[in-house]
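A closer look at the structure
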Amino acid sequence: MMFKLAALLTRPATKYVFILLALLFPLFAANEYQVYVMSLAFVWAIAVYGLNIITGYCGQLNLAHGGFFAIGAYTLGLLTSDYGWSFWPAFVAALLMTAVLGFITGVISLRLKEHYFAIFTLCVGFIIYMLLDKWEELTHGAIGVRDIAAPYGFGVVDFTDSVPFYYLVLAFLIFSIWFISRLSKSLLGRTFIAIRNGDELAQSLGINLMRNKVLAFVLSTTYAGLAGALYAGMVRFIGPEDANILHTFNLITYLLVGGIGTLFGPLVGTLSIVWLTQSLQFLETYKMILFGPLLVLLVIFFPNGLVGSLLLWMRRKAESMGVAKAPKASRVETSNSATGKEAENNA
Amino acid sequence: MLKVENLTKMFGGLAAVNDVSVHFEANKINAIIGPNGAGKSTFFNLIAGMHKPTSGRIILDGEDITPLRCDYIAQRGIGRTFQTTNLFETATVLDNLIVGHRLRTQSGLWDVLINSKRLQAEEKECRVKAREALDFVGLSHVENRLIADITQEERKRVAFALALATQPKLLLLDEPAAGVNPEETVGLADLMHKMVANGLTVCLIEHKMDMIMGMADKIMVLDHGEKIAEGTPQEIRENPVVIEAYLGSDEDAAA
Amino acid sequence: MNLFFQQIINGMTLGSIYGLVALGLTLVYGILHIPNFAHGALYMVGAFMTYFLMVDIGAHYWVAMAGSAIIVAIVAVLSERLVFHPLRNSPPIHDKIAAIGILLFLEALVQMIWGADFRRISSPYTGILNFDGLIIPEQRLLIIVGAFVLVAALQLFLRKTMTGATIIAMAQNRDGAFLVGIDANRVAMMTFAISGILAAFAATLYAPINLVYPAMGHVVIMKAFVIIILGGMGSIPGAIVGGMIIGFAEAFGGFYISTSYKDIIAFGLLVVILSIRPQGLFTKGAH
């Protein structure tokens, strides 16, 4: 029974059902606020998808992700409010800005391995926060950026309304997932995963480490920039707190809950946590009291997350039932249960 | 096919590999033995380009590959396996192997975005190569199993297959038989013979002396980073320097 | 000229605090290869425990410091037992995420109990020493002397006791240590306890001239990471020297360049140094 339900969930056609549900969501949402929350969750999900590229597939824990999200938001915000740009050119500029800054950061930081990379990116995230907070001439400092333009609807739709904006974000989300699904199946995605399995092994397979890592990093920061720009266009007011390191930790939690290195993990993780905290409003201030132990318990007992565990269970179940029919396009759904440290110790 | 000339690697003030010259012939099984810390793994890392030598040259089929980065060296046809190989535990055996042929393909980000003909063709090709390699190591039947669910010996064979999928001319095997039982060791030795029969050159580091003595065409003995002997198993067994420095004194040799 | 000496005092004060925090971090890293992102939270908990013991219980400064050190040591050992120990064979990304989990939990817990407000701890040493125009507040002198005493005590412990020797043995060779029968669990717990004690002392020493609030650990932990990367991860002298370098860079940078960017100096330094030498300043070859 459980298996049949799970099998139904993982059928390729099921995604169209979910897309349909997402399209209909504003119709049966109780109020506009719920539509707003859903849009916000989608924005976060896009950012988590970006994190999944570098951390999930490529195995490099990037703690500056929230910082790049903020750079995307600020680029759009400042260009539209201070420099009079209209939304879409500023939007493209935000993507370019995060890609270029991601490239520069990546070239410097990705020469560092494991812990060093994580610590370095932690510092990069903090530098971004500090600059947004202190560089008042450019960023208005702690006051933040107001009067950010909403997406221009070319006279057809008005994106200041929450429902049209919801569809805009949904479209970007679907595009984001579509691209990652293609990436994760492709040789390029497999290359990223080979790097996660170990630098040395990847090099022995003739993989150019630096080029692939930097590419993964730039893709991930661009995703963060995309999410940040949408966020700025949605809330229309941003401040340095949007670059707070806690946002990066939030994103990591979403990723881990859903399943690191899986295609639908980021979406499932983000939606479930966002709606869970919404329904537990009284917890909002102290949600980290739950998130903290949740993170710890997840990595100890449930490292594959919701989606990863489901897929693993399905595979095993299918095999034990003797219906080991390989799915046609065998996407590499992976999760970090490899015995990484043992190898490190043996070396 | 592989000529090493006066290879030296210093770490700090210590010579991990000291002035080693050796010639590995094509289509042979070459073994490197020596006590722990003799510089065997460093020697492999130098050939594979993971470390750059302090001095000396490495020549593969007449081409000086010493200055090349390790991914280029892999492309030139040097494959390798490690003592432990991290694989994607929750992906299938076949999925793990497809990336092995990546170095012979070209497609990049743009191909992914437009799902180009080239990408499709290359992915098909990688899949074919992965299956061939899997077939070669005799594991076709576990193609769809998860890595987490296969045996230790099967993992070893998957690691071999991954290296084979890169289509190497020379295969460096770091302690291939470590952690497998005697029966399985025989199976792995047969596999190495099969590789040589198919035109590969094999070079391995191994502690299991009976295995080495039975199968190697040529053995090089390293001790404290220096080559102290080189020859057929028969010559090595009778070499007084080897007996003195290695076989006689170190209990690792018996293990 | 006096202003210059004033900055030296400030640099030494900051360097002492950073050095103590970095010492705990580097010890844990050297032995368990865990970059403990939660270390800053231990520092923060240390300050709040002192605050709690002094304000709510009415303990004397020194008693509160000792109490705080014990509590933080227990928290540190618990985090090792409950979190890092079960994760010792997981992929390297997991323990880092778990450390972040501990950090989030401790911060939220403290914020729930004491709120996010800024608090002050008063020290009994509020006097100011005046050496011919060179003004040294007593608390700053206490920090410098205290840090010196702690480092000396740590050295004695590591060099002269059996437990200390095993910690060093394990830092140098983890696998080898198992072979000669060192109880790795005990060493791990000891190391975490020491790191907690150092963090609590540092926090209590620094708190009277600084503010106490739940997020106070963020900047300190990041600077401690910068320090141990500069000094070589796992190196004890490196942590002390690195602490001083950052302390002086901030004191002088803050004074001669800009106060508002003073917190950025350490990170700028890190970016520059790692860009030139990815393996750190004092480490030789690959790590």
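What counts as what
Residues numbered from 1 in each chain as written. Chains lettered and ligands numbered in written order. Predicted model: local features only at pLDDT ≥ 70, side-chain atom pairs only at ≥ 80, totals over all residues. Helix = DSSP H or I, 4+ residues; strand = E, 2+ residues; numbered from the N terminus. Rg over C-alpha atoms; globule rule 2.2 N^0.38 Å. Buried ≥ 20, exposed ≤ 12 C-beta atoms within 10 Å, placed from the backbone. Contact = placed C-beta atoms within 7 Å. Pairing = 2+ DSSP bridges. Axes fitted to C-alpha atoms, helices over the stretch in contact; angles between N-to-C directions. Nonpolar A, V, L, I, M, F, W, Y, C, P; charged D, E, K, R; others polar. Domains from an automatic or database assignment. Parallel < 35°, antiparallel > 145°, perpendicular 65-115°, else oblique. Left-handed = near helix turned anticlockwise from the far one by under 90°. pLDDT = per-residue confidence, 0-100.

Scanning chain B from terminus to terminus reveals 10 helices and 10 strands. Rg of the C-alpha trace for chain B: 19 Å, near the compact-globule value of 18 Å for 255 residues, within the 12% margin. Principal-axis analysis of the C-alpha atoms places the extent of chain B at approximately 65 × 40 × 35 Å. In chain B, which comprises 255 residues, the proportion classed as buried is 48%. Considering only contacts in chain B between residues 6 or more positions apart, those separated by 24 or more positions represent 69%.

Now for the sheet that holds strand 3 (residues 29-33) of chain B. Residue and element names in this part refer to chain B. The strand order across the open sheet formed by 6 strands is 6-7-8-3-9-10, and the pairing between neighbours is mixed. In this open sheet, the two strands that pair with only one neighbour each are strand 6 (78-81) and strand 10 (226-231). With strand direction ignored, the average angle separating the axes of adjacent strands in the sheet is 20°. Sheet topology places strand 6 next to strand 7 (residues 170-174); 4 bridges connect them, and they run parallel.

What follows concerns the sheet that holds strand 2 (residues 14-24) of chain B. Residue and element names in this part refer to chain B. Taken in spatial order, the 4 strands make up an open sheet running 2-1-4-5, and their pairing is antiparallel. With one partner strand each, in any of the chains shown, strand 2 and strand 5 (63-64) form the two edges of the open sheet. The pairing of strand 4 (residues 55-60) with strand 5 spans 2 bridges and is classified as antiparallel. Note on strand 5: the bridge partner recorded for Ile-59 is Asp-64. Against the sheet, helix 1 (residues 40-47) engages strand 1 (2-11), strand 2 and strand 4, with an angle of about 65° to strand 2.

Attention now goes to the interface of chain C and chain A. Tallying the contact residues gives 40 residues for chain C and 39 residues for chain A. Tallied by class, residues from the side of chain C that touches chain A come to 27 nonpolar, 7 polar and 6 charged.

Here the focus is the environment of Leu173(B). Residue and element names in this part refer to chain B. Mapping Leu-173 onto the fold places it in strand 7. Along the chain, Leu-173 and Thr-81 lie 92 residues apart, while their C-alpha atoms are 5.1 Å from each other. Non-local contacts of Leu-173, meaning those with residues more than four positions away in its chain, are made with Thr-81, Val-202 and Leu-204.

The interface is formed by 39 residues belonging to chain B together with 36 residues belonging to chain A. At the level of elements, helix 2 (70-76), strand 6, helix 3 (93-98), helix 4 (109-114) and helix 5 (117-136) of chain B are the ones that each hand at least two residues to the side of chain B that touches chain A. Its residues placed into classes, the side of chain B that touches chain A shows 17 nonpolar, 15 polar and 7 charged.

As a further point, take the domain arrangement of chain B. All names here are of chain B. When cut into domains, chain B gives domain 1 (1-77 + 168-255) and domain 2 (89-167). The partner domain 2 presents 9 residues to the 10 residues of domain 1 that form the contact. For the side of domain 1 that touches domain 2, the secondary structure elements donating two or more residues are helix 2 and helix 7 (182-197). Sorting elements by how many residues they give to the side of domain 1 that touches domain 2 places helix 7 first, with 3 residues.

Residues and elements named next belong to chain C. At their nearest, the axes of helix 2 (residues 39-57) and helix 3 (residues 61-84) sit 8 Å apart, and the two run at 140° to each other. Put simply, helix 2 runs oblique to helix 3. As for the relative orientation of helix 2 and helix 3, their crossing is right-handed in sense. For the pair helix 2 and helix 3, contact is made by Leu-42, Val-45, Gly-46, Met-49, Thr-50, Leu-53 and Met-54 and by Tyr-61, Ala-64, Met-65, Gly-67, Ser-68, Ile-71, Val-72, Val-75 and Ala-76, respectively. Here the residues of the contact of helix 2 with helix 3 sort into 12 nonpolar, 4 polar and no charged.

Here we come to unusual backbone geometry. A positive phi is found at His140(A), a non-glycine position, where the angle reads about 70°. Residue position: His140(A) is located in the loop between helix 7 (136-139) and helix 8 (162-185). A tally of 20 C-beta atoms within 10 Å means that His140(A) is categorised as buried. For Gln167(B), which is not glycine, the phi torsion reads 55° and is therefore positive. Note on placement: Gln167(B) falls in the loop between helix 6 (152-164) and strand 7. Of the residues examined, Gln167(B) has 18 C-beta atoms within 10 Å and is grouped as partly exposed.

The subject of this paragraph is the confidence of the model for chain C. Mean pLDDT for chain C: 86, with 93% of residues reaching 70 or above. The secondary-structure element of chain C with the lowest mean pLDDT is helix 7 (residues 174-179) of chain C, recorded at 56, while helix 3 of chain C shows the highest, at 95.

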